[in-house]
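The chain contents come next:
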Amino acid sequence: MKWDTSKADKQYEKECVVAPETPGSEPRETQETLSNLLHETRRFAPPAELAAAANVTAQAYTEAEADRLAFWEKQADRLSWSTRWNTALDWNPPFAKWFVGGELNVAYNCVDRHVEAGLGEKVAYHWEGEPEGDSRTITYADLQREVAKAANALTELGVGKGDRVAVYMPMIPELPITMLACARIGAIHSVVFGGFSASALSGRIKDADAKVVVTADGGYRRGAPSALKPTVDEAVKECPGIERVLVVRRTGQEVDWTDKDVWWHDLVDRQSAEHAPVPHDAEHPLYILYTSGTTGKPKGILHTTGGYLTQTAYTHHAVFDLKPENDIYWCTADIGWVTGHSYIVYGPLANGATSVIYEGTPDTPHRGRFWEIVQKYKVTILYTAPTAIRTFMKWGDDIPAKYDMSSLRILGSVGEPINPEAYVWYREHIGGNRTPVVDTWWQTETGAVMISPLPGVTSAKPGAAMRPLPGITADVVDDQGESVPNGGGGFLAIRDPWPSMLRTIWGDDQRYIDTYWSRFEGMYFAGDGAKRDEDGDIWLLGRVDDVMLVSGHNISTTEVESALVSHPKVAEAAVVGATDPVTGQAIVSFVILRGSAEEGADIAAELRNHVARTLGPIAKPRQILVVPELPKTRSGKIMRRLLRDVAENRSIGDVTTLADSTVMNLISEKLPSAKSED
Ligand code: 6R9
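Residues numbered from 1 in each chain as written. Predicted model: local features only at pLDDT ≥ 70, side-chain atom pairs only at ≥ 80, totals over all residues. Heavy atoms only, no water.

With an unreviewed UniProt entry as reference, the chain is termed Acetyl-coenzyme A synthetase, source organism Planomonospora venezuelensis. Looking at the chain in UniProt, the text filed under Sequence similarities (unreviewed entry) is "Belongs to the ATP-dependent AMP-binding enzyme family." In its Cofactor (unreviewed entry) section, UniProt records this for the chain: "Mg(2+)". (UniProt positions renumbered as here; feature names shortened; annotations may be inferred.)

Colleague: Help me get a handle on the nonpolar core, residues and values and all.
Modeller: Counting 134 residues, the largest nonpolar core has L143 and Y346 as its most contacted members. Among the elements that take part in this core, helix α7 (residues 174–185) stands out by supplying eight residues, more than any other. Residues in contact with L143, not counting those within four places in the same chain, are V111, A124, Y125, I138, I177, L180 and L349. Residues F370, W371, I389 and M393 belong to the second largest nonpolar core, which totals 31 residues. (Core = buried A, V, L, I, M, F, W, Y, C linked by side-chain atoms within 4.5 Å. Buried < 20%, exposed > 50% of the residue type's maximum accessible area, 1.4 Å probe, protein only. Helix = DSSP H or I, 4+ residues; strand = E, 2+ residues; numbered from the N terminus. Contact = heavy atoms within 4.5 Å.)

Colleague: Could you give an account of the site of the ligand, naming the residues involved and the relevant values?
Modeller: Taken together, 17 residues form the shell around the ligand, and within it D439, T440, T444, D528 and K637 come nearest. A distance of 3.0 Å separates a nitrogen atom of the ligand from a polar backbone atom of G415. Within the contact set of the ligand, an oxygen atom lies 2.8 Å away from a side-chain nitrogen or oxygen of K637. Counting residues per element, the ones that place at least two in the shell around the ligand are α12 (338–350) and β25 (538–543). (Near = heavy atom within 4 Å. Polar contact = N/O pair within 3.5 Å; in protein donor to acceptor, adjacent residues only side chain to side chain.)

Colleague: Break down the pattern of salt bridges for me, with residues and values.
Modeller: Taken as a whole, this structure holds 42 salt bridges when the rule is applied. With its nearest N and O atoms 2.9 Å apart, the salt bridge here joins D134 to R250. Placement of the pair is D134 in the loop between β4 (123–128) and β5 (135–139) and R250 in the loop between β11 (244–248) and β12 (261–263), with a sequence separation of 116 residues. With relative accessibility at 16%, the residue R250 sits in the buried group. Here R136 ties to E174 by a salt bridge, and the two come within 3.3 Å at their closest N and O atoms. Of the two residues, R136 is situated in strand β5 and E174 in helix α7; the sequence distance between them amounts to 38 residues. For R136, a relative accessible area of 36% translates into the label partly exposed. Using a relative accessible area of 12% as the deciding quantity, one classes E174 as buried. (Salt bridge = Lys/Arg side-chain N within 4 Å of Asp/Glu carboxyl O.)

So, in structure tokens, the structure goes:
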């Protein structure tokens, strides 16, 4: 879920300052910013063999601490620059320029230099279409030819340096090829997730003033072709600035044709496979990616060239311990989200990785599809989201058990806090109890991972993102911006600029300042709640606008959800605060049961007591609702705002950003059986 931080701030302040004085609540002065209720004692040390050969050791923390800028310069040197920078950082708060004076070409770094190094025959992507048997292998040499042709094609369409290109595509190889072709010629891509509506697409096209759209007739989704071109047609009608629409034929379904349209196979296939990469300034814009606020217009997050590639490449090397010669890496995100931009396209390619790209959904044609792909390609590193992991838990342990996944050596998680139980399940049932799990915290705005264990260094705790990466100064602060002591909770903030940080919101510097840099003096405010445990390790606690205020205690949604998920009958949980006459807000929980669990009559009492035992009576939910599904955004994050409407008996708000708008009906239907106690 995305947020509007200014609103979050106001809501947060309101909750803190006018905390209702209820019996048992502490006086305001001693009240913690965010309660720290969950105590986890499990630890998973890095496997000795992995630690011994790790790309990055504990030394990196010391090095970065001694000289942060020199550390990042060293990482920038992992790339190939046509002109070296003269200044590492020009910081004019909150506007940063990294590697000032440097010049490089992102596509050259991601493709050509590997071919020049003799790795042309190495596979860049094993692409797996959703229809079984539909796969393609793309080597670095193939990629070089395809990117050159696409760059020539875009040039023929009149796209030049600095022009914006909207991209609305399924997960097919032409998507990364288009992104790299843009990067090559210095055009700025704006990828819009293929599930978005015509109005979402046209809004983004207009905001960025794009002149070309690249799309496809459709893609495969849940076993059937799903059209994209009609949505583009509808959007382009509203966007007179669009001059040409370049269309890949993927499904072969019928399309309406206009005089702006041109087939990819007609235009791109006849281009020369040679294209000289031009160097671009380190601060030349690379892409815009929109994050939608819960209210208001989506924000066009702007990323630039040198710093972005430096940090995505470094973090991919460090966090996944990528050994390009042996590893088969698979990030299951959609390229339409930042995770796909940074960890399917730019980071892995800059490192010369061999990756898997999968077009479709995890349950097509059967619920073992992911594990079948892991087995087929002998995937060694898997990066996915908690929402997917919890779904696999719900489907049952027997499904992954049917496949040989002994190739896996590292597992990653991103997108939401991972509940300790989901973490342990992931490690055990997917990772065979061998693999470290890296829980990576970051945002569209941060561009690359910021807080994560290092798989060869960290003794990780299930559910914790652990420590800021070397070179990153993340902190947990109270509402005055002071660091909280170990054991305390508060707001996640970043103290110093980092190479892959957003540079601004496209066309709106003021909104950039207001949203991210106004809450705390001189610090970046991420909008997330966090705590620092007794050892100083960081745990993410969800968006601050979701925090619940119960009898004067600020309770995070994450901790209560994790307590619920730790019950053997629960697969997924979402909690919200609903107005309550006695406690200010009371906790209302929505739970999905595991495949095997029966919804017995006393399940509500059992779960409420389980939470009280795990976290203390303060966190005991007032109500438990067993539901078949939870409302989620298209990138899989739970939308608690809609659940608050249900919990407070309001009519349900805007559902247009839901992945599946019928979910709210399923939940409403369950309401008469709501189990409320006390
Ligand atoms: C990469 C991505 C950003 C928001 C972020 C936070 C949540 C992401 C997380 C996590 C806890 C993690 N988030 N990773 N929360 N632990 N490991 O997801 O970017 O779509 O912009 O979302 O996602 O709330 O602020 P984006």
